[in-house]
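Fold and contact review
Okay, here's what each chain looks like letter by letter:
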Amino acid sequence: MSLVGSYVALSQPLVAALPVFLLAWLRFGIGGAAMLHWLKKPADEAPMTPQTKRLLFLESFLGNFLFSLCMLFGVSMTSAVTAGVVMATIPAAVAVMSWVFLGERIGLRTWAAVGCAVVGVTLVSLSKQELLAHVSIGLEANLLPKNSLFGSFLLLGAVFCEAAYAVIGKKLVGALGPKRITALINLWGFVLVTPLGLWAAWRFDFSAVAAPSWLLLVFYSLAASVWTVWLWMTGLKTIPASQAGVFTVFLPVSAAAVGVVFLGESLSGVQALAFAVALLGVVLATLPAKR
């Protein structure tokens, strides 16, 4: 989640330089090229069942493809503040879906951690500095009419897509290794976004993109498609999905840290308080339980 927040903050020039669909297509393509050797089935892995294949598709469709579209278009139709407030409910959504679909027992301390995460990220969202403002730059979505109600529903859809990503991932790590899951869901993402990517590439002037942006694109692709997914799936092998959802608070925390350290932005007192509350939630979720 810290890596996610880092590449979110550093992707500002990419979103301004490349259309969203083209950016997504290139991301999956570069990530896939780096993980070709991860696609091969290990000798000790059991054949995939039809259920596992369906879960792999849903993991990519909901967590990669649909989440990105709901998030980007939702922000374009509302505001960055609204997006931040709605997305602050991700930890709670993960906890509820883990309870419903995985049968995980959610203890009082985990619910307190979820509450801290929601409060912390909401405070960040309501502060003057809008950490998600960059996603509305250079989007084809700006051509859509502004409709705050529909945009809010899209953002709510993004929340449940991200929660489903955590819950489905928990089921997948019981059947496949983290590297193979990472490569397969990236491949599905590439297939799903290819028609939109080709449409965006057909009318785009690639010569207008500066060399530093291409280097940043490589980092973004490897971070978004390879490193973060592999780390997330590896972590899910050992902790409940409801507990993992609390760690989504590191996305705005690390995005703000990168903004302050590398982009010359300032950190307000409200934001500092928000991050302290959010980190308290992580501590509550990860302290060893008494036996």
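For the structure, check the block above.
Structural notes, computed from the coordinates. (Residues numbered from 1 in each chain as written. Predicted model: local features only at pLDDT ≥ 70, side-chain atom pairs only at ≥ 80, totals over all residues. Heavy atoms only, no water.)

A few words on the packing of helix H3 (residues 20-34) against helix H9 (residues 178-202). Closest axis-to-axis distance for the H3/H9 pair is 7 Å, and the angle between their directions is 140°. One way to sum up the angle between H3 and H9 is to call them oblique. As for how H3 packs across H9, the hand of that crossing is left-handed. Residues Phe21, Leu22, Ala24, Trp25, Phe28, Gly29, Gly31 and Gly32 of H3 form the contact with H9, whose own contacting residues are Asn186, Gly189, Phe190, Val193, Thr194, Leu196, Gly197, Leu198, Trp199, Ala200 and Ala201. (Axes fitted to C-alpha atoms, helices over the stretch in contact; angles between N-to-C directions. Helix = DSSP H or I, 4+ residues; strand = E, 2+ residues; numbered from the N terminus. Parallel < 35°, antiparallel > 145°, perpendicular 65-115°, else oblique. Left-handed = near helix turned anticlockwise from the far one by under 90°. Contact = heavy atoms within 4.5 Å.)

Next up on the list: the side chain of Arg180. The residue Arg180 is located in helix H9 in this model. Its relative accessible area of 10% is what places Arg180 among the buried residues. Polar contacts involving the side chain of Arg180 include one to the main-chain carbonyl oxygen of Leu39, which spans 2.5 Å. Beyond its immediate stretch of four places on either side in the chain, Arg180 contacts Trp38, Leu39, Lys40, Lys41, Pro42, Glu45 and Met48. (Buried < 20%, exposed > 50% of the residue type's maximum accessible area, 1.4 Å probe, protein only. Polar contact = N/O pair within 3.5 Å; in protein donor to acceptor, adjacent residues only side chain to side chain.)

This part takes up the packing of H9 against helix H10 (residues 211-236). Put simply, H9 and H10 touch, their axes get as near as 9 Å, and they point 135° apart. Here H9 is positioned oblique relative to H10, judged by the angle of their axes. Seen along the crossing, H9 lies across H10 with a hand that is right-handed. Residues Pro178, Lys179, Ile181, Thr182, Ile185 and Asn186 of H9 form the contact with H10, whose participating residues are Ser225, Val226, Val229, Trp230, Met233 and Thr234. Of the residues that constitute the contact of H9 with H10, the class distribution is 7 nonpolar, 4 polar and 1 charged. (Nonpolar A, V, L, I, M, F, W, Y, C, P; charged D, E, K, R; others polar.)

Counting across every chain of the model gives 8 aromatic pairs. Plain terms: the ring middles of Phe204 and Phe206 are 5.2 Å apart, the flat faces sit at 90° to each other, and that makes the pair edge-to-face. Judged by its relative accessible area of 35%, Phe206 falls in the partly exposed class. Members of the aromatic cluster, joined through ring pairs, are Phe57, Phe61, Phe65 and Trp188. Taking the ring centre of Trp199 as reference, the NZ or CZ of Arg203 above it sits at 4.2 Å. (Phe/Tyr/Trp six-rings, centres within 6.5 Å; stacked < 30°, edge-to-face > 60°. Lys NZ or Arg CZ within 6 Å of the ring centre and 35° of its normal.)

Let us now look at the nonpolar core. Within the largest apolar cluster, 24 residues are counted, with the highest numbers of intra-cluster contacts made by Leu56, Ile181, Ile185, Trp232 and Met233. For this core, the secondary structure elements donating two or more residues are helix H4 (50-77), helix H6 (90-102), helix H8 (148-172), H9 and H10. With 8 residues, the top contributor of residues to this core is H8. Not counting residues up to four positions away in its chain, the partners in contact with Trp232 are Met1, Tyr165, Ala166 and Ala244. Listed in part, the 23 residues of the second largest apolar core include Val4, Ala24, Ala200 and Ala201. (Core = buried A, V, L, I, M, F, W, Y, C linked by side-chain atoms within 4.5 Å.)

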